[in-house]
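# Structure at a glance
Each chain, written out:
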Amino acid sequence: GEDVEQSLFLSVREGDSSVINCTYTDSSSTYLYWYKQEPGAGLQLLTYIFSNMDMKQDQRLTVLLNKKDKHLSLRIADTQTGDSAIYFCAERKWGSQGNLIFGKGTKLSVKP
Amino acid sequence: EAGVTQFPSHSVIEKGQTVTLRCDPISGHDNLYWYRRVMGKEIKFLLHFVKESKQDESGMPNNRFLAERTGGTYSTLKVQPAELEDSGVYFCASSQEQGQETQYFGPGTRLLVL
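Since the structure is predicted, the reported quantities are computational estimates derived from the model, not experimental observations.

### Describing the sheet that holds strand β1 (residues 5–7) of chain B
Residue and element names in this part refer to chain B.
- With antiparallel pairing, the four strands of this open sheet are ordered in space as β1-β3-β8-β7. The strands lining the two open edges of the sheet, one partner per strand, are β1 and β7 (65–68). Each neighbouring strand pair of the sheet contributes to a mean axis angle of 15 degrees, computed without reference to strand direction.
- Judged from the three bridges that link them, β1 and strand β3 (residues 19–24) form a sheet pairing that is antiparallel. Within β3, the residue paired with T5 across the bridge is D24.

Right, here's the structure in full:
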């Protein structure tokens, strides 16, 4: 299977919470990342978590990491229409030169 | 501080032609990465420079792709001759130190080979 897997689509209503999930296969991952890509734009780093943490919160964003299940999630509280974008999960493996391994991205659509 | 910039933003070429993509990393960033996203697929790593040296080019698809970073500043990625399957978005990223957790990405170059 793929190294990093994500659902391709998620649709929520404005004001609801969004939860984007990601699974990865390599238990030696050191850092796990969430990037956001708005239409026509590049990749914007949203947040990252070191593998010895299980949670990180940054304003409306909450990242949860379950190392046992190799599962990463990104929760966006009070989702706004401006949050509509593609969200990429990525991992950096232990001993790598720093190159990231990405999932295919989850397209989040926020309906008013 | 300027972010990572890439040129051109879009390129449409015919099969067999040559295209050169350019990336200007954030000033002072020694590490420069090239990635590519083919339609509907993952973003895949191509190669990594530390200053002017190729640290890891394990992701380069074949010898039609040539990356350079003379002087350790900007980098170019040349595709010659281009094939249909080379179409996609080419991203460049930079980081200050090797192993540093944050890579900053440019807006990408959208390449279409007809």
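### Remarks on the side chain of D56 of chain B
Residue and element names in this part refer to chain B.
- Relative to the helices and strands, D56 is located in strand β6 (residues 53–56).
- The buried charged residue D56 lacks any salt bridge partner; its closest oppositely charged side chain belongs to K54, at an N-O distance of 11 Å.
- At 2.7 Å, the side chain of D56 and the side chain of S58 are in polar contact.

### Quick notes on the confidence of the model for chain A
- Across chain A, pLDDT averages 90, with 95% of residues at or above 70.
- Element-level mean pLDDT values for chain A span from 89 in strand β4 (residues 29–37) of chain A up to 97 in strand β2 (residues 9–13) of chain A.

### Quick notes on the packing of aromatic side chains
- Scanning the entire structure with this criterion turns up 15 aromatic pairs over all chains.
- A ring pair is formed by Y35 of chain A and F105 of chain B, whose centres lie 5.1 Å apart and whose planes are at 75 degrees; its orientation type is edge-to-face. Here F105 of chain B lies in strand β10 (residues 104–105) and Y35 of chain A lies in strand β4, a pairing that spans two chains.
- Residue classification places Y35 of chain A among the buried positions, given a relative accessible area of 0%.
- Residue class for F105 of chain B comes out buried when judged on its relative accessible area of 9%.

About the cut-offs
Starting from 1, residues in each chain are numbered consecutively following that chain's sequence as written. Here chains are named by letter from A upward and ligands by number from 1 upward, in the order in which they appear as written. For a predicted model such as this one, the threshold for reporting local features is a pLDDT of at least 70, and the threshold for listing and counting side-chain atom pairs is 80 or more; totals across whole chains, interfaces and linings nevertheless cover every residue. As a rule here, side-chain values cover all heavy atoms of the structure and leave hydrogens and water aside. Strand pairing requires that DSSP identify at least two bridges connecting the strands. Labels follow the DSSP assignment, with helices taken as runs of H or I lasting at least four residues and strands as runs of E lasting at least two, numbered in each case from the N terminus. Inter-axis angles, ranging from 0 to 180 degrees, are taken between N-to-C directions of lines fitted to C-alpha atoms, where helices are fitted over the stretch in contact. Exposed residues in this analysis have more than 50% of their type's maximum accessible area, buried residues have under 20%, and partly exposed residues fall in between, with area computed by a 1.4 Å probe over protein chains only. Charge counting treats Lys and Arg as positive and Asp and Glu as negative, with His and both chain ends excluded. The salt bridge criterion pairs a side-chain nitrogen of Lys or Arg with a carboxyl oxygen of Asp or Glu, the two atoms within 4 Å. Polar contacts here mean pairs of N or O atoms no more than 3.5 Å apart (in protein, one a potential hydrogen donor and the other a potential acceptor; neighbouring residues in sequence count only if both atoms are side-chain atoms). A residue's pLDDT is the predictor's confidence in that residue, given on a scale from 0 to 100. Only the six-membered ring of Trp is used, alongside the rings of Phe and Tyr, when aromatic pairs are assigned; centres must lie within 6.5 Å, and planes under 30 degrees apart are stacked while those over 60 apart are edge-to-face, with the rest tilted.

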